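Residue-level listing of the chains:
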Amino acid sequence: MAEIPDWLAKGAPHLWRPYTQMKTAPPPLPVARTEGARLILEDGRQLVDGLANWWTACHGHNHPHIRAAVEAQLAKAPHVMLGGLAHEPAYRLAARLAALSPGELDHVFFAESGSVAVEIAMKMALQFWINRGVRGRTRFLSFLGGYHGDTLAAMTVCDPEEGMHGLFAGVLPAQHVLPLPIDAASDAALDAFLAAHAAEVAAILVEPRVQGAGGMLFHDDEVLRRLRRLADAHDVLLIFDEIFTGFGRTGDLFACQGAGVVPDIMTLSKALTGGTLPLSAAVASRRVFEAFWSDDPAAALMHGPTYMGNPLACAAANASLDLFEDGGWRGEVARIAAGLAEGLAPCRQGAGVVDVRVKGAIGVVEMDGPVAVGELCRRFAELGAWIRPMGKVIYLTPPFVIDDQELETLTRAVRTVVLG
Ligand SMILES: *Cc1c(COP(=O)(O)O)cnc(C)c1O
């Protein structure tokens, strides 16, 4: 490895890194530039980005159309507060998201990060009941294997065991975290649970189709249809956290659309700006919104992140939606799915491999125990790939613009490491 750049040496004692034991972690890789499906390191090496920058850069890094939109907006107004003021990028984006979202998911509340969008969705659900004069709907029902963010309320609805927040058990309010209704028996169990507890449940919260950070766990669309039926039968709200699955990752623009299920609230972030700027949204149905529509000021949603609907981020998101509009991404996701299935299949023979699975542009090799993340990252980088395993899973979520050779670089790196 080439010399560590001066800025990294000087800043490293001061920058507290994410999900990192600062004492033992190897140094991070210094990135000089990003382009398409590649990260270009300070020493000139190029790595194919197997993660799309934490699942954000769906159209590839530094896309010229998105960059131009952000530059044009930067020259006009980098930020305009949404309290009492309006600007074109946010209002245009809200109308477009409402049009793209299924059913009556028509009311878009912006924030800056996924976790905060989840917090807002939870707050909307709690206040939905309060505004309707219903008391006692104070808890949430979420699922084992789930991940919804790192802020305090979002942590309470993550899987308490598998998740990263086990240390805080007993500190945070307990929610109901149960098995997904993957078959008739678990469906009946959830039905029975709700029959006993629905009066205290504000909403059911789930990542549709793929539980991402909890281990890239897939479930059938029938699970989502069961959840919709159960939510309706027991009169609780249904929140889909599409922060990972939204914007094409599973093969449909939103996972819920492919499943034919409309939630009451949907959260979006990650790929919303095509990986350019932080932005998130909680999109509420007309029914949810109407519970806040009142002459009573106390019935309003009292939330307003300072940078909500930032014009640069909204310009990026509008430009990203332009790129989705031509529909070419569907073919790209199908091509990537086929390439992942073929390229990862040989890993089934690897020692310690318990499963290989692919859904949309998500490829997973699951091992029988947690892997040495830092060590594996280093080996993948030597093989020209940026891949960062999570717990027991080595996974690929590449940008949709990745070409076949770059995809082969990624799957070859995984095969090389897994097959040893
Ligand atoms: C990443 C993620 C979040 C949290 O988003 P941040 O922007 O990191 O706060 C929430 N839910 C899901 C499903 C995610 O994948």
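Residues numbered from 1 in each chain as written. Predicted model: local features only at pLDDT ≥ 70, side-chain atom pairs only at ≥ 80, totals over all residues. Heavy atoms only, no water.

Colleague: Explain the packing of helix 12 (residues 328-344) against helix 14 (residues 404-419) here, please?
Modeller: Packed helices, taken two at a time, are described by the angle their axes make and the gap between the axes. Orientation of helix 12 relative to helix 14, taken along the N-to-C sense of each, is 30°, at an axis distance of 9 Å. Classed by the angle they form, the pair helix 12 and helix 14 counts as roughly parallel. Handedness of the crossing formed by helix 12 with helix 14: right-handed. Here Arg 335, Ile 336, Gly 339, Leu 340, Gly 343 and Leu 344 of helix 12 lie close against helix 14, whose contacting residues are Asp 404, Leu 407, Thr 411, Val 414 and Arg 415. (Axes fitted to C-alpha atoms, helices over the stretch in contact; angles between N-to-C directions. Helix = DSSP H or I, 4+ residues; strand = E, 2+ residues; numbered from the N terminus. Parallel < 35°, antiparallel > 145°, perpendicular 65-115°, else oblique. Left-handed = near helix turned anticlockwise from the far one by under 90°. Contact = heavy atoms within 4.5 Å.)

Colleague: Can you walk me through the packing of helix 7 (residues 184-197) against helix 8 (residues 221-233) in this structure?
Modeller: Contact pair helix 7 / helix 8: the axes reach a minimum separation of 11 Å and the direction vectors enclose 20°. Comparing the axis directions of helix 7 and helix 8 gives the class roughly parallel. By crossing handedness, the relation of helix 7 to helix 8 is classed as right-handed. On helix 8, the residues touching Ala 184, Asp 187, Leu 190, Asp 191 and Leu 194 of helix 7 are Arg 226, Leu 227 and Leu 230. The residue inventory of the contact of helix 7 with helix 8, partitioned by class, reads five nonpolar, no polar and three charged. (Nonpolar A, V, L, I, M, F, W, Y, C, P; charged D, E, K, R; others polar.)

Colleague: Can you help me understand the pairing of strand 1 (residues 31-35) in this one?
Modeller: Looking down a regular strand, the side chains alternate between one sheet face and the other. Pairing analysis gives four bridges linking strand 1 to strand 2 (residues 38-41), with the strands arranged antiparallel. Paired with Arg 33 across the two strands is Ile 40, which belongs to strand 2. The turn linking strand 1 back onto strand 2 is made up of two residues, and Gly 36 within it adopts a positive phi angle of 55°. (Pairing = 2+ DSSP bridges.)

Colleague: Quick question: what am I supposed to make of the environment of Asp 322 here?
Modeller: As for its placement among the helices and strands, Asp 322 is situated in helix 11 (residues 311-325). On the accessibility criterion, Asp 322 (28% relative accessible area) is partly exposed. A C-alpha to C-alpha distance of 39 Å links Asp 322 and Val 371, two positions 49 residues apart in sequence. Setting aside chain neighbours within four positions, we find Asp 322 in contact with His 65 and Arg 96. (Buried < 20%, exposed > 50% of the residue type's maximum accessible area, 1.4 Å probe, protein only.)

Colleague: Sorry, what's going on with the pattern of salt bridges here?
Modeller: A side chain of one charge can pair with a side chain of the opposite charge when the charged atoms of the two come close. Evaluation of the coordinates by the stated rule reveals 26 salt bridges. Here Glu 366 makes a salt bridge to Arg 357, at a shortest N to O gap of 2.8 Å. When sorted by exposure, Glu 366 lands in the same class as Arg 357, which is buried. Taken together, the shared-partner salt bridges in this structure form one network comprising Arg 228, Asp 232, Asp 235, Asp 264 and Arg 287. (Salt bridge = Lys/Arg side-chain N within 4 Å of Asp/Glu carboxyl O.)

Colleague: I keep staring at the site of the ligand and nothing clicks. Help me out?
Modeller: The local shell around the ligand consists of Trp 55, Ser 113, Gly 114, Ser 115, Tyr 147, His 148, Gly 149, Glu 207, Asp 241, Ile 243, Phe 244 and Lys 270. Between an oxygen atom of the ligand and a main-chain N or O atom of Gly 114, the distance comes to 2.8 Å. In isolation the ligand has 380 Å² of accessible area, and contact with the protein removes 84% of it. Of the residues contributing to the shell around the ligand, the split by class is four nonpolar, five polar and three charged. (Near = heavy atom within 4 Å. Polar contact = N/O pair within 3.5 Å; in protein donor to acceptor, adjacent residues only side chain to side chain. Areas by Shrake-Rupley, 256 points an atom, 1.4 Å probe, with all protein chains shown as cover.)

Colleague: Could you clarify how one ought to interpret the sheet that holds strand 16 (residues 393-396) in this entry?
Modeller: Sheets are built from strands that pair by backbone hydrogen bonding, the pairs being arranged parallel or antiparallel. Taken in spatial order, the three strands line up as 13-14-16 in an open sheet, and their pairing is antiparallel. Taken across any chain shown, the strands that pair with only one partner, and hence form the sheet edges, are strand 13 (353-359) and strand 16. Ignoring which end each strand starts from, the neighbouring axes of this sheet average 10° apart. As defined by bridge partners, strand 13 adjoins strand 14 (residues 362-367) across six bridges and the pair is classed as antiparallel. Its bridge partner lying in strand 14, Arg 357 is registered against Val 364. The sheet strands contacting helix 12 are strand 13, strand 14 and strand 16, and the helix crosses strand 14 at an angle near 25°. Each of strand 13, strand 14 and strand 16 is contacted by helix 14, which is oriented at about 165° to strand 16, the strand it contacts most.

Colleague: Quick question: what am I supposed to make of helix 14 here?
Modeller: It helps to recall that an α-helix has 3.6 residues per turn; residues three or four apart then point in one direction. Between its terminal C-alpha atoms helix 14 stretches 21 Å, which fits the 22 Å expected from 16 residues at 1.5 Å a residue. When we look at burial in helix 14, the residues that qualify are Glu 406, Leu 407, Thr 409, Leu 410, Thr 411, Ala 413, Val 414, Arg 415, Val 417 and Val 418. Two to three positions downstream of the cap, the backbone nitrogen of Gln 405 sits 3.1 Å from a side-chain oxygen, assigning the N-cap of helix 14 to Asp 403. Just downstream of helix 14, Gly 420 is the residue with a positive phi angle, here 55°. (Expected span 1.5 Å × (residues − 1).)

Colleague: Would you mind showing me how to read the nonpolar core here?
Modeller: Here is a general trend for soluble globular proteins: nonpolar side chains tend to be buried in one another's company. In terms of nonpolar packing, the biggest core is built from 98 residues, with Leu 227, Phe 247, Val 365 and Val 414 touching the most fellow members. No other element matches the eight residues that helix 5 (residues 114-131) contributes to this core. Residue contributions to this core reach at least three from each of two domains, namely domain 1 (6-63 + 327-419) and domain 2 (77-325). Setting aside residues no more than four positions away along its own chain, Val 414 makes contact with Leu 344, Cys 347, Val 365, Phe 380, Ile 387, Ile 394 and Leu 396. Formed by twelve residues, the second largest nonpolar core is a distinct cluster that contains Trp 55, Phe 244, Val 364 and Tyr 395. (Core = buried A, V, L, I, M, F, W, Y, C linked by side-chain atoms within 4.5 Å. Domains from an automatic or database assignment.)

Without other data, these values stay purely geometric and don't point to any function.
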